[in-house]
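# Structural overview
Listed here are the chains, written in short residue letters.
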Amino acid sequence: MLYTSTRDKSIKVTAAQAIAQGISEEGGLFVPCEIPHFSIEKISSMVSMSYIERAKIVLKEFLTDFTDEELDYCVNGAYAAEKFSSEKIAPTVNIDGNKNILELWHGPTCAFKDMALQLLPYLMTVSAKKTADGKTIVILVATSGDTGKAALEGFKDVDHTKILVFYPVDGVSPMQKLQMTTQEGENVAVCAINGNFDDAQSAVKSIFTNGEIKDELAKKNMMFSSANSINWGRLVPQIVYYFSAYCDLIEMGKINAGDEMNVVVPTGNFGNILAGYYAKMMGLPIKTLVCASNSNNVLTDFLTTGTYNKNRDFYTTTSPSMDILISSNLERLLYHMSGEDDKLVSNLMNQLAENGKYSISDKLLADIQGIFSAGYTSEDSVDETIKAHFDKYKYLCDTHTAVAVKVYDEYVNETGDDIPTVIDSTASPYKFSASVLSAVLGGNAPELDEFEMVGELNKVTGADIPKPLASLKDKKVRFENVCNKEDMSQMVFKLLDL
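Residues numbered from 1 in each chain as written. Predicted model: local features only at pLDDT ≥ 70, side-chain atom pairs only at ≥ 80, totals over all residues. Heavy atoms only, no water.

## A few points about the overall build of the protein
- The helix and strand inventory of the protein stands at 22 helices and 16 strands.
- Taken against the 2.2 N^0.38 rule, which gives 23 Å for 498 residues, the C-alpha radius of gyration of the protein at 21 Å falls within 12% of a compact globule.
- Each principal axis of the C-alpha atoms in the protein carries an extent, and together these give about 60 × 50 × 45 Å.
- Within the protein, the fraction of its 498 residues that count as buried is 59%.
- Of the contacts made within the protein by residues no fewer than 6 positions apart, 75% connect residues no fewer than 24 positions apart.
- As displayed, the protein has an accessible area near 18300 Å², and 46% of this comes from carbon and sulfur atoms.
- Between the averaged position of the 45 positive side-chain charges in the protein and that of its 67 negative side-chain charges there is a distance of 3 Å. (Helix = DSSP H or I, 4+ residues; strand = E, 2+ residues; numbered from the N terminus. Rg over C-alpha atoms; globule rule 2.2 N^0.38 Å. Buried < 20%, exposed > 50% of the residue type's maximum accessible area, 1.4 Å probe, protein only. Contact = heavy atoms within 4.5 Å. Areas by Shrake-Rupley, 256 points an atom, 1.4 Å probe, with all protein chains shown as cover. Lys, Arg positive; Asp, Glu negative; His and termini not counted. Charge placed at Lys NZ, Arg CZ, Asp CG, Glu CD.)

Printed below as a string of structure tokens:
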């Protein structure tokens, strides 16, 4: 299996090269040159397997330059039982009829990013040994909340790596901020920026492709890579849990092998839902991928009209991990669905960089709409959904999951398409305890600090408090840096002591 770039398909690299490098030299994203195919028989054989065994079956198809021993080392280390609060790693929970919640937040940072970012450091370590000639890899991360902590936790004290995380100063929840600023580890650093996630992400991409900065790193035997979902090593582990959820539905008697399911994903950077697209292309019987957005509904508009336009108001919402106007992974979808037209993709991305918008052809839009549906919901509806779901099912959603649930309910009402469905639950409700408590109480949340809020939410709902969040209470804040987006490259040098 070789990988090419969305903006130059003459490029061919191995999986290890793609993972270690993170992003292609000209700014394109690495994608597989071919999509492996799984028969229904092969998928059926995975039903009786553990999550770790399922992961090895899927990942082996994409990481063909990894030996079986290397793959065992990576997967067994990433999904070790002591790291996850559920023995199923990513359990599928039936809520009502055909509505099923895929809980992706049982890892050490209580967010779905753990599903990939517990594995990525292992993939990166093995890849670096194959390709990086002993260089120290500097992981550069922009985060809208969850990726930062998950990456910090995954890479802390990993040999021959350093990790620098940038987050919007007012764009993450108090719990997310505390998770990052108290992070332990000798090779980690965190900095807030005056701006939003898109500002941080754009600056990170610019630093990645800046020749002068890369030259300075090279002098110190260092090289950049990414832990954002622009890195194929971050994206490929996410394909696994769609296969796992399908197997769970078979095991639960909700479907028979070969039956279709729908998938609903609360979406910001388009990586999580893109992993579902890859699973579908591999033969997993997914009928429709429903893209759920909050008030920052740039993806809903694109999937409805064919025009992507980031020139709009930016909203800071109670689902901050989705507060994104530049969805990087959409580039990969455009590459695959345009018939691997790298010139088209390069042109569209140039238009986005220069004008903040682009439009695709009617045919390409129709092809995309044959696979994807889209909807968005307001803040008030998120609160109502959290309360209604808890009152009716005694199931507590976080704010992001509530966006997906609301969009799914509207999708079924509009289309009548109520086949068995998996809704991605991307974070523990305790990461957003103030918003969730306020919703459950109908807007009457008491004035409490973050940890009192956690205790009150537990008292009101009875939902278990994740140990990693409870343990934050007495941790010391280590990182209080703040910079402007224009100064991020200087901050990189400062944090690396260069």
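The structure having been displayed, the exposition proceeds.
## Examining the packing of helix α19 (residues 433-440) against helix α20 (residues 450-461)
- Running from N to C, α19 and α20 cross one another at 40 degrees; their axes reach a closest spacing of 9 Å. α20 is crossed by α19, and the crossing has left-handed handedness. Along its contact with α19, which presents Ser-433, Ala-434, Val-436, Leu-437 and Val-440, the element α20 presents Glu-450, Met-453, Val-454, Glu-456, Leu-457, Val-460 and Thr-461.
- Here the residues of the contact of α19 with α20 are counted per class, giving eight nonpolar, two polar and two charged. (Axes fitted to C-alpha atoms, helices over the stretch in contact; angles between N-to-C directions. Left-handed = near helix turned anticlockwise from the far one by under 90°. Nonpolar A, V, L, I, M, F, W, Y, C, P; charged D, E, K, R; others polar.)

## Re the side chain of Asn-196
- Secondary-structure assignment places Asn-196 in the loop between β8 (188-194) and α9 (197-208).
- Residue classification places Asn-196 among the buried residues on the basis of a relative accessible area of 18%.
- Residue contacts for Asn-196: discarding those within four places in its chain leaves Pro-168 and Phe-314.

## Re the packing of aromatic side chains
- Taken as a whole and assessed by the stated rule, the structure comprises 15 aromatic pairs.
- Summarising the aromatic geometry, the rings of Trp-232 and Tyr-278 are spaced 5.3 Å apart at their centres and angled 85 degrees between planes, so their arrangement reads as edge-to-face. Of this pair, Trp-232 sits in helix α11 (residues 232-251) while Tyr-278 sits in helix α12 (residues 271-281), and the two are 46 residues apart along the sequence.
- What makes Trp-232 buried here is its relative accessible area of 0%.
- Of the residues examined, Tyr-278 reaches a relative accessible area of 0% and is grouped as buried.
- Here a set of aromatic residues connected by ring pairs shows up, and it is made of Tyr-3, Phe-62, Trp-232, Phe-270, Tyr-277, Tyr-278 and Phe-372.
- Positioned above the aromatic ring of Phe-66 is the side chain of Lys-130, whose terminal nitrogen or guanidinium carbon lies 5.6 Å from the ring centre.
- It is Lys-394 that lies over the ring of Phe-390; its NZ or CZ is 5.1 Å from the centre. (Phe/Tyr/Trp six-rings, centres within 6.5 Å; stacked < 30°, edge-to-face > 60°. Lys NZ or Arg CZ within 6 Å of the ring centre and 35° of its normal.)

## Things to note about α9
- In this model α9 runs 16 Å from its N-terminal to its C-terminal C-alpha over twelve residues, within 8% of the 16 Å that 1.5 Å per residue would give.
- Three or more residues of α9 are buried, namely Phe-197, Asp-198, Ala-200, Gln-201, Ala-203, Val-204, Ile-207 and Phe-208.
- On the buried face of α9, the contacting elements are β6 (136-142), β7 (161-168), β8, α10 (211-219), β9 (222-226) and α22 (488-495).
- N-capping of α9 is provided by Asn-196, with a side-chain oxygen placed 3.0 Å from the backbone N of Asp-198. (Expected span 1.5 Å × (residues − 1). Polar contact = N/O pair within 3.5 Å; in protein donor to acceptor, adjacent residues only side chain to side chain.)

## Looking at the layout of surface pockets
- In this model, the largest pocket occupies a volume close to 640 Å³.
- Taken together, 28 residues form the lining of the largest pocket, with Ser-202, Lys-205, Ile-326, Leu-352 and Ala-353 sitting closest to its centre.
- Where the lining of the largest pocket is concerned, the elements lending two or more residues are α9, α14 (330-337) and α15 (342-355).
- With six residues, α9 is the largest single contributor of residues to the lining of the largest pocket.
- Class assignment of the residues belonging to the lining of the largest pocket gives a composition of ten nonpolar, ten polar and eight charged.
- Roughly 440 Å³ of volume is contained in the second largest pocket.
- Trp-105, His-106, Asp-464, Ile-465 and Pro-466 are, among the 24 residues lining the second largest pocket, the residues nearest its centre.
- Split by residue class, the lining of the second largest pocket holds 13 nonpolar, five polar and six charged. (1 Å grid on protein atoms, 1.4 Å probe; cavity = no way out; pocket = protein on both sides within 12 Å on 5 of 7 lines; lining within 4 Å. Points joined across faces, edges and corners; volume = space filled by probe spheres on them.)

## Some details on the sheet that holds strand β2 (residues 8-13)
- A sheet is described by the order of its strands in space; here three strands give the open sequence β2-β1-β3, paired in antiparallel fashion. The outermost strands of the open sheet, each flanked by one partner alone, are β2 and β3 (30-32). Put simply, the sheet's adjacent strands are angled 40 degrees from each other on average, direction ignored.
- Pairing analysis gives two bridges linking strand β1 (residues 3-5) to β2, with the strands arranged antiparallel. Following the sheet pairing, Tyr-3 is matched in β2 by Val-13.
- Helix-sheet contacts for α14 involve β1, β2 and β3, and the interaxial angle to β3 is about 45 degrees. (Pairing = 2+ DSSP bridges.)

## Comments concerning unusual backbone geometry
- For His-160, which is not glycine, the phi torsion reads 60 degrees and is therefore positive.
- Turning to its location among the elements, His-160 is positioned in the loop between α7 (146-155) and β7.

## As for the pairing of strand β11 (residues 286-293)
- Burial within β11 is extensive, with seven of its eight residues counted as buried.
- One ladder, built from five bridges, connects strand β10 (residues 261-266) with β11; its direction is parallel. Across the sheet, Pro-266 pairs through a bridge with Ala-292, a residue of β11.
- Across five bridges, β11 lies against strand β14 (residues 372-376) in parallel orientation. Paired with Ser-293 across the strands is Tyr-376, a residue of β14.

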